[in-house]
Amino acid sequence: MTQSNTIKQQQAQRILELFAIARQRYLDAGGNPRRTPTGLKGDDYMTDEERQEALVLGRQIFPQEYIDNTAGRIKSPSVKS
């Protein structure tokens, strides 16, 4: 295994840890264990520092082409007024 792959695996492990921490906060706050938060700021149960770290890690782990291709498929929830 190359050093690059090892680093990517460590980065992927860290991002999974960040998501697990956020999930536990959600559950501790009384969140429905069958529901997943939207992932939007304010509903992701991450601190600003954790959110920033997850974004940086995601950009390092996934190629830009993948990010560009998936960004168009992500829909924001509609806001009801």
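Just above, that's the structure.
Attention here is on the structure that accompanies the text. Predicted model only: the values in this text are computed from it and were never measured.

### Things to note about the nonpolar core
- Grouped together as the largest cluster of nonpolar side chains are seven residues: Ile 15, Leu 18, Ala 22, Met 46, Ala 54, Leu 57 and Ile 61.
- Secondary-structure elements contributing two or more residues to this core are α1 (3–28) and α2 (48–61).
- If sequence neighbours within four positions are ignored, Leu 57 has contacts with Gln 11, Arg 14, Ile 15 and Leu 18.

### What to know about the pattern of salt bridges
- The full count for this structure, using the stated rule, is six salt bridges.
- A salt bridge links Arg 14 to Glu 17; the nearest nitrogen and oxygen atoms lie 3.4 Å apart. Of this pair, Arg 14 and Glu 17 both sit in helix α1, three residues apart, which is roughly one turn of the helix.
- For Arg 14, a relative accessible area of 28% puts it in the partly exposed group.
- Glu 53 serves as the salt-bridge partner of Arg 14, at 2.8 Å between the closest nitrogen and oxygen. Residue Arg 14 is found in helix α1, and its partner Glu 53 is found in helix α2; the two are separated by 39 residues along the sequence.
- One salt-bridge network, in which partners are shared between bridges, spans Arg 14, Glu 17 and Glu 53.

### So, α1
- Taking 1.5 Å per residue as the helical rise, α1 with its 26 residues ought to reach 38 Å, and the 37 Å between its terminal C-alpha atoms agrees with that figure.
- All buried positions along α1 are accounted for by Gln 11, Ile 15, Leu 18, Ala 22 and Tyr 26.
- Looking at the buried residues of α1, the elements they touch are α2.
- Of the residues trailing α1, Gly 30 is marked for its positive phi of about 95°.

Conventions and cut-offs
- Residues numbered from 1 in each chain as written.
- Predicted model: local features only at pLDDT ≥ 70, side-chain atom pairs only at ≥ 80, totals over all residues.
- Heavy atoms only, no water.
- Core = buried A, V, L, I, M, F, W, Y, C linked by side-chain atoms within 4.5 Å.
- Buried < 20%, exposed > 50% of the residue type's maximum accessible area, 1.4 Å probe, protein only.
- Helix = DSSP H or I, 4+ residues; strand = E, 2+ residues; numbered from the N terminus.
- Contact = heavy atoms within 4.5 Å.
- Salt bridge = Lys/Arg side-chain N within 4 Å of Asp/Glu carboxyl O.
- Expected span 1.5 Å × (residues − 1).

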